[in-house]
Amino acid sequence: MEVEFPVIETERLILREVTTEDAKDLFIYLSDQEVVKHMGLEPYQTIEGTGAEIKWYQSIYEEGTGIRWGITLKDSGRVIGSCGFLNRHPKHFRTEIGFELSKDYWGKGIAGEALEAVVEYGFQHFQLERIEALIEPENLASQRLVEKQGFIREGLLRHYEYTCGKFDDLYMYSILKEDLHKKDT
């Protein structure tokens, strides 16, 4: 990964590194059952608890296995969600993408704006060929979001993860670098 954490700017957003100073902002949405129900997490109970999430963001960046940007509105600077890569495999030119957004900002196109910017950044700067999204079948909003961005559903991974005391089926979606160019034409 790069030495200095990259910042991505879009029309309405600044995607930046999340720091411990952002713990209160993360707690606002990571303590919301509606936000975390498809993330394989229990809602955080304390602001201090979100420190584990921030440490995970820092560790995947330091290890080179991923990068997670805090989604902030240009006018406020507050973190209202995150988007980024995890389980990156440079040898195979692929990674997974994940995202979440505070419920207050659902339906405003913010997640799509962030997702599009992160996908483009990944193809341009990380020499990716393939970006995958693993989404629970019940998470229709995320399925619509990735499909709108050009991701294609490849199939169902049965009992692929064990989270929160249950096995989760996940749809495998992907977008290839060449698909991005098709989307633009």
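Refer to the structure above for everything that follows.
Residues numbered from 1 in each chain as written. Predicted model: local features only at pLDDT ≥ 70, side-chain atom pairs only at ≥ 80, totals over all residues. Heavy atoms only, no water.

### Quick word on the environment of Lys55
Rule in force here: Only DSSP runs of H or I reaching four residues or more are called helices, and only runs of E reaching two or more are called strands; each is numbered from the N terminus. Note on classification: 1.4 Å probe, protein chains only; a residue is buried when its accessible area is under 20% of the maximum for its type, exposed when over 50%, partly exposed between these limits.
Topologically, Lys55 is positioned in helix α3 (residues 50–63). Taking the relative accessible area as the measure of exposure, Lys55 reaches 59% and is therefore exposed. Sequence separation between Lys55 and Ser82 is 27 residues, and the spatial gap between their C-alpha atoms is 14 Å.

### Observations concerning the sheet that holds strand β7 (residues 152–163)
Let me state the cut-off plainly: The criterion for strand pairing is that DSSP finds at least two bridges linking the strands in question. In this analysis, two residues are considered to be in contact whenever any of their non-hydrogen atoms come within 4.5 Å of each other. Lines fitted to the C-alpha atoms define the axes, with helices restricted to the stretch that makes contact. Angles between their N-to-C directions range from 0 to 180 degrees.
In space, the eight strands of this open sheet follow the order β1-β2-β3-β4-β5-β6-β8-β7, with mixed pairing throughout. Sheet topology places β1 (8–9) and β7 at the edges, where each strand pairs with a single neighbour. Where β1 lies against strand β2 (residues 13–16), two bridges are found, and the strand directions are antiparallel. Bridge pairing in β2 links Ile8 to Leu15. Docked against the sheet, helix α1 (residues 23–30) engages β4 (79–89) and β5 (94–101), running at close to 90° with respect to β4.

### What to know about unusual backbone geometry
Its identity as a non-glycine residue notwithstanding, Phe93 has a phi of 60°, on the positive side. Within the fold, Phe93 resides in the loop between β4 and β5. Even without a glycine there, the phi angle at His159 is positive, about 45°. Relative to the helices and strands, His159 is located in strand β7.

### Considerations on the packing of α1 against α3
Let me state the cut-off plainly: Comment on the angle field: the value is read as roughly parallel under 35 degrees, roughly antiparallel over 145, roughly perpendicular from 65 to 115, and oblique elsewhere. Amino acid classes used here: Ala, Val, Leu, Ile, Met, Phe, Trp, Tyr, Cys and Pro are nonpolar; Asp, Glu, Lys and Arg are charged; the rest, including Gly, are polar.
Relative to each other, α1 and α3 sit at 110°, their axes nearing to 9 Å. Viewed along their axes, α1 and α3 adopt a mutual orientation that is roughly perpendicular. Of the residues in α3, those in contact with Ala23, Leu26, Phe27 and Leu30 of α1 are Thr50, Glu53, Ile54 and Tyr57. Looking at the contact of α1 with α3, its residues break down into six nonpolar, one polar and one charged.

### Observations concerning the pairing of β5
Successive residues of a regular strand alternate their side chains across the two faces of the sheet. The element β5 is largely enclosed, with a buried count of six among its eight residues. Once β4 ends, the chain turns through four residues before running back antiparallel as β5, passing Phe93 with a positive phi of about 60°. Relative to strand β6 (residues 130–135), β5 runs parallel, the two sharing three bridges. Residue pairing for β6: Glu96 is matched across the bridge by Glu132.

### Regarding the pattern of salt bridges
What counts here: Put simply, a salt bridge is a Lys or Arg side-chain nitrogen that is within 4 Å of an Asp or Glu carboxyl oxygen.
A complete count under the given rule lists eleven salt bridges for this structure. The partner of Glu132 in a salt bridge is Arg94, and the shortest N-O contact between them spans 4.0 Å. One end of the pair, Glu132, is in strand β6; the other, Arg94, is in strand β5, with 38 residues separating them in the sequence. Looking at Glu132, the relative accessible area reads 10%, which means it is buried.

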